[in-house]
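Understanding the architecture of this molecule
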Amino acid sequence: MKKTLKIEGMSCEHCVAAVKKALDAVDGVSAAEVDLDSGTAVIDIAGAVTDETLRAAIEDEGYSVAEIA
């Protein structure tokens, strides 16, 4: 399953790397592609991952999630 997260607060490639690392560390996320220009992350989920878990992983890095689709 794929999910797209709209992330607010990313301003550079360091931000992209931090978000990607946080998402990759979530159990059940098999891949994460983060795009600075669009402010999104597209993730492949291979297990049971809740939106709250994804939101918490991003917010723990200091960014906010505006939308999860």
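**Digging into the sheet that holds strand E1 (residues 2–8)**
The sheet built from four strands is open, its strands ordered E2-E3-E1-E4 with antiparallel pairing. Looking at which strands have only one partner, the edges of the open sheet turn out to be strand E2 (29–35) and strand E4 (64–68). In this sheet, neighbouring strand axes are inclined to one another by 25 degrees on average, regardless of whether the strands run parallel or antiparallel. The sheet contact formed by E1 and E4 spans four bridges and is antiparallel. Across the sheet, residue Ile7 finds its bridge partner in E4, namely Val65. Helix-sheet contacts for helix H1 (residues 13–24) involve E1, E2 and strand E3 (40–45), and the interaxial angle to E2 is about 165 degrees. Relative to the sheet, helix H2 (residues 51–59) contacts E1, E2, E3 and E4, its axis offset from that of E4 by approximately 150 degrees.

**With respect to the pairing of E2**
Strand residues, when the strand is regular, have side chains that alternate between the two faces of the sheet. Across six bridges, the pairing between E2 and E3 is antiparallel. When the bridges of E3 are listed, Val29 appears paired with Ile45. The turn linking E2 back onto E3 is made up of four residues, and Gly39 within it adopts a positive phi angle of 70 degrees.

**Let's talk about the pairing of E3**
Here five bridges tie E1 to E3, and the two strands are oriented antiparallel to one another. For Leu5, the partnering residue across the bridge sits in E3 and is Ala41.

**Some remarks on the side chain of Thr40**
With respect to the helices, strands and loops of the structure, Thr40 is situated in strand E3. Of the polar contacts made by the side chain of Thr40, one reaches the side chain of Ser38; its length is 2.7 Å. Setting aside chain neighbours within four positions, we find Thr40 in contact with Thr4, Leu5, Lys6, Met10, Glu33, Val34 and Asp35.

**A closer look at the side chain of Lys3**
With respect to the secondary-structure elements, Lys3 resides in strand E1. Exposure remark for Lys3: the relative accessible area of 13% places this residue in the buried category. Reaching out from Lys3, the side chain makes a polar contact with the side chain of Asp51 at a distance of 2.3 Å. With near-sequence residues (within four places) excluded, Lys3 lies in contact with Ala41, Val42, Ile43, Ile45, Asp51, Leu54, Ile68 and Ala69.

Conventions and cut-offs
- Residues numbered from 1 in each chain as written.
- Predicted model: local features only at pLDDT ≥ 70, side-chain atom pairs only at ≥ 80, totals over all residues.
- Heavy atoms only, no water.
- Pairing = 2+ DSSP bridges.
- Helix = DSSP H or I, 4+ residues; strand = E, 2+ residues; numbered from the N terminus.
- Axes fitted to C-alpha atoms, helices over the stretch in contact; angles between N-to-C directions.
- Contact = heavy atoms within 4.5 Å.
- Polar contact = N/O pair within 3.5 Å; in protein donor to acceptor, adjacent residues only side chain to side chain.
- Buried < 20%, exposed > 50% of the residue type's maximum accessible area, 1.4 Å probe, protein only.

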